[in-house]
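A structural walkthrough
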Amino acid sequence: MKRYYLFFLLFLISIYAIGQSFSVEQISSFPFPSELVSSPVGKKIAWAMNEKGMRNVYMAEAPEFNPKKITAFVKDDGQEISSLQFSNDGNSLIFVRGGEHGSNWDDNIGINPSQEQFIPKVEIWQASLSGGAAEMLTEGDEPVISPDNRTIAYIKNKQLWVIAKDKKPEQLFETKGSIGSISWSPDGKHLLFSINRSSHALIGVFDMADKKLRYLAPSFSRDSSPKWSSDGKKVAFIRRPGGSGEIMPILEQRHNPWEIWIADLETGEGRMRWKAPETLRGSISTTHGGANLNWGADNTVIYLSYEDGWPHLYAMDADSGPSRQLTKGQFMVEHVRLSQDKRFLVFSANTGPDGEDIDRRHIGKVYIWGGDMELLTQGKGIEAIPTVLSDNRHLAFLSSTAQRPLLPAVLDMEKSTEKLVGAHLIPSDFPQNLVTPQQVIFKSPDGMTIHGQLFEKQGGSSKKPAVLFVHGGPQRQMLLGWHYGDYYSNTYAVNQYLAELGFVVLSVNFRLGIGYGYEFHKPARTYWQGAEEYQDVKAAGEYLASLPQVDTQRIGIYGGSYGGYLTALALGKDSKLFSVGVDIHGVHELSSRLQMPEGFEKAPDFEKAQRTAWFSSPLAYLDTWTSPVLFIHGDDDRNVQVSHTTDLIRRFQERKMPFDYLIIPDDSHHWMRFSNLVKVNQATTDFLKQHLRPE
Ligand SMILES: CC(=O)N[C@@H](C)C(=O)N[C@@H](C)C(=O)O
């Protein structure tokens, strides 16, 4: 009988071993849609699609919504597509090619991860929907096309330029500071924008006829996000304090004030229409779109506020009267879009009838005058980033599941029928039968409730190695399916591959992340102010160690950016728990932000803050860092300076501590070149495999 069991066990193991059915390159080849937009005329949508690094524009039209490729870029050269928009007649598409718009700095500087002879420029392109090759119009960024479709306004060298049909580009005027947030007035006679002058920021208006620049309600504040009223006679904008003010205690949390102002175009006068509650929750939201300021129909101003503890939508009459809360409940609203008739809002929300929807996204809808919110999608999938088509009946959004990567989808809101767009764009050899991540919930030592997603392929050894994934941001939320962000769609792919290799993989949603309310997203004593979020990471590692199927001596950790920071901190503080790690473009140096004050005035807790920052950094724990580590960083990183890794490696070298490394020359924080993304994914998983030895 024993021999029978032995043969059966060997059979299972062999099936399991053979079962590793896909490569890193295959799982990394998920197509990624972004920039989803709808036409103001006709039932048309367009999006940018990244297919193994080749980024092109697609369009699809009712009733079939069959994708049509509009551009023909055929190189994996790292040149992203951004600012995609339809012309107002719906007959052409405008977009920007190049740059690195996910950056914290230099987002509009060319990037060159394929080592072209000259660094590619950031350029504005136009593509006619009636055919013909897309045309490069000019160097520039952030284009907006005029209501009559004859002129494109754009930013170049922080200044405002225009290019009219068959004319040369023209700088409209010269001004100090950086121009942004440009928009045309509904009648096309004015251009509206913000001018950032560092200590303060102004709202400017340029008259296209008399070529005159004026300011609306100028002050010593920081004004931003200007938006035209439907009749073009008023402008709403956000006002925040200017300057730096008195040096306050560094380690204390404070309200971050903001106001909504309304200015009159003709007089240039403005008045405060609404002031945020002066509470921590009343601080301006840092979730997607910030205040999400917009004008709806009937003189309505719409905004997003965290004031009740969750990012929710509010509306009020632009002139007077109380504000009304449009969405309510223990969930967040994200990716807010106004319908084309400006009568309702659509958005992503982590809510629904399923108890696990807090770790998903579904599409919600609410009218600007109030009433019940409607959930337009539900189920086990992820739906996010909606846009309403010109009939205000069809809705497009990005849709994924635990197994299927993100694709556009179109919903007929009247018939409640949904159509997936472009399923054939998923490579034919794309892995099937991926695992479905399971929601796990545990407590951190201080009682904070922590969510995670557990990826595990059934069968295999009775004692498996495990890997903890730590996301970046940190204002992010990992989900129970392919993520709506490209960086985290890629880490979802890596987690699926690690599960396929036989690892038990846990992705931890540590505090500072979004989706779980204000106090979870904005806790005290985190990052350089005490790194209390690390206890969630350690608790996640201990959760893995508590699983009967996990070998407690073979638990690894990896993460990117902020997740790289927490990976390094984990390896420095808890090499006994985490026996190996991969630190991808991690943040390591936290103290330089605390420069010695020049003048007499000094924060009362300055020394304490310096000490806290040091002991919140992995640099403070090199004496106890014994686990093997692989460092990876792109040297054109514009989110986390590559010096964070070069410095840490230098310290390892000086201490004769072993390490492995992979530098990706000329690429950024987002692996703009597909071949680099595969190289990083392969190096990450090979290193974990080498040290943790999945069977
Ligand atoms: C905002 C930002 O750049 N944060 C980095 C430290 C980081 O974590 N970057 C990526 C991974 C992100 O999610 O923003």
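On a predicted model such as this, the values are computed, not experimentally measured, just so you know. (Residues numbered from 1 in each chain as written. Predicted model: local features only at pLDDT ≥ 70, side-chain atom pairs only at ≥ 80, totals over all residues. Heavy atoms only, no water.)

1. Brief notes about the domain arrangement of the protein
Domain annotation of the protein identifies domain 1 (29-139) and domain 2 (438-591 + 607-692). The C-alpha-based centres of domain 1 and domain 2 are spaced at 32 Å. Taken together, the contact pairs 23 residues of domain 1 with 25 residues of domain 2. Across the domain 1 to domain 2 interface the summed buried area is about 1,800 Å²; carbon plus sulfur atoms make up 55%. If you sort the residues of domain 1 by the area they bury against domain 2, Phe-30, Phe-32 and Trp-105 come out on top, with a joint share of 32%. Where domain 1 meets domain 2, there are zero salt bridges. On the surface where domain 1 and domain 2 come into contact, there are 15 residue pairs in polar contact (both at pLDDT 80 or more). (Domains from an automatic or database assignment. Contact = heavy atoms within 4.5 Å. Buried area = accessible area lost by both parts, 1.4 Å probe. Salt bridge = Lys/Arg side-chain N within 4 Å of Asp/Glu carboxyl O. Polar contact = N/O pair within 3.5 Å; in protein donor to acceptor, adjacent residues only side chain to side chain.)

2. Some remarks on the sheet that holds strand β36 (residues 504-509)
Read across the open sheet, the eight strands follow the order β33-β34-β36-β35-β37-β38-β39-β40; overall the sheet is mixed. Every interior strand has two partners, whereas the edge strands, β33 (438-443) and β40 (660-664), have only one. Adjacent strand axes in the sheet meet at a mean angle of 20° when their direction is disregarded. Bridge count for strand β35 (residues 464-470) against β36 is five bridges, and the pairing is parallel. Residue pairing in the sheet places Val-470 in a bridge with Val-508 of β36. Contacting β35, β37 (550-560), β38 (580-584) and β39 (629-634), helix α6 (residues 562-573) runs over the sheet at an angle of about 140° to β37. On the sheet, helix α8 (residues 643-654) packs against β38, β39 and β40 and is oriented at approximately 150° with respect to β39. (Pairing = 2+ DSSP bridges. Helix = DSSP H or I, 4+ residues; strand = E, 2+ residues; numbered from the N terminus. Axes fitted to C-alpha atoms, helices over the stretch in contact; angles between N-to-C directions.)

3. Here's the deal with the environment of Glu-170
Mapping Glu-170 onto the fold places it in strand β12 (residues 170-171). The partly exposed category is assigned to Glu-170, whose relative accessible area is 37%. On a C-alpha basis, the gap between Glu-170 and Ala-153 in space is 9.5 Å, while along the polypeptide they are 17 residues apart. Among all residues touching Glu-170, those that are not within four sequence positions of it are Leu-160, Trp-161, Val-162 and Lys-211. (Buried < 20%, exposed > 50% of the residue type's maximum accessible area, 1.4 Å probe, protein only.)

4. Remarks on the packing of helix α3 (residues 486-501) against helix α9 (residues 674-692)
Contact geometry for α3 and α9: axes closest at 11 Å, N-to-C directions at 35°. Relative to α9, α3 is oriented so that their crossing is right-handed. Judged by residue contacts, Asn-490, Val-494, Tyr-497, Leu-498 and Leu-501 of α3 engage Leu-677, Asn-681, Thr-685, Leu-688 and Lys-689 from α9. Here the residues of the contact of α3 with α9 are counted per class, giving six nonpolar, three polar and one charged. (Left-handed = near helix turned anticlockwise from the far one by under 90°. Nonpolar A, V, L, I, M, F, W, Y, C, P; charged D, E, K, R; others polar.)

5. Description of the pairing of strand β31 (residues 407-412)
For β31, the tally of buried residues reaches six of six residues, placing the bulk of the element in the interior. Residues of β31 alternate between two faces, with Leu-407, Ala-409 and Leu-411 on one and Pro-408, Val-410 and Asp-412 on the opposite face, all of them buried. What sits between the antiparallel neighbours strand β30 (residues 394-400) and β31 is a turn of six residues. Sheet topology note: the β31/strand β32 (residues 417-420) ladder contains four bridges and is antiparallel. Across the sheet, residue Leu-411 finds its bridge partner in β32, namely Glu-418. Hairpin geometry of β31 and β32 is characterised by an intervening segment of four residues between the two adjacent antiparallel strands and by a positive phi of about 55° at Ser-416.

6. Quick notes on the site of the ligand
Inspection of the region around the ligand gives Asn-104, Gly-472, Gly-473, Arg-476, Tyr-487, Tyr-488, Ser-561, Tyr-562, Asn-639, Val-640 and His-669 as its neighbouring residues. A distance of 2.7 Å is found between an oxygen atom of the ligand and a side-chain nitrogen or oxygen belonging to Arg-476. At 3.1 Å, a backbone N or O of Tyr-562 approaches an oxygen atom of the ligand. Each residue belonging to the shell around the ligand can be placed in one class, and the counts come to four nonpolar, six polar and one charged. (Near = heavy atom within 4 Å.)

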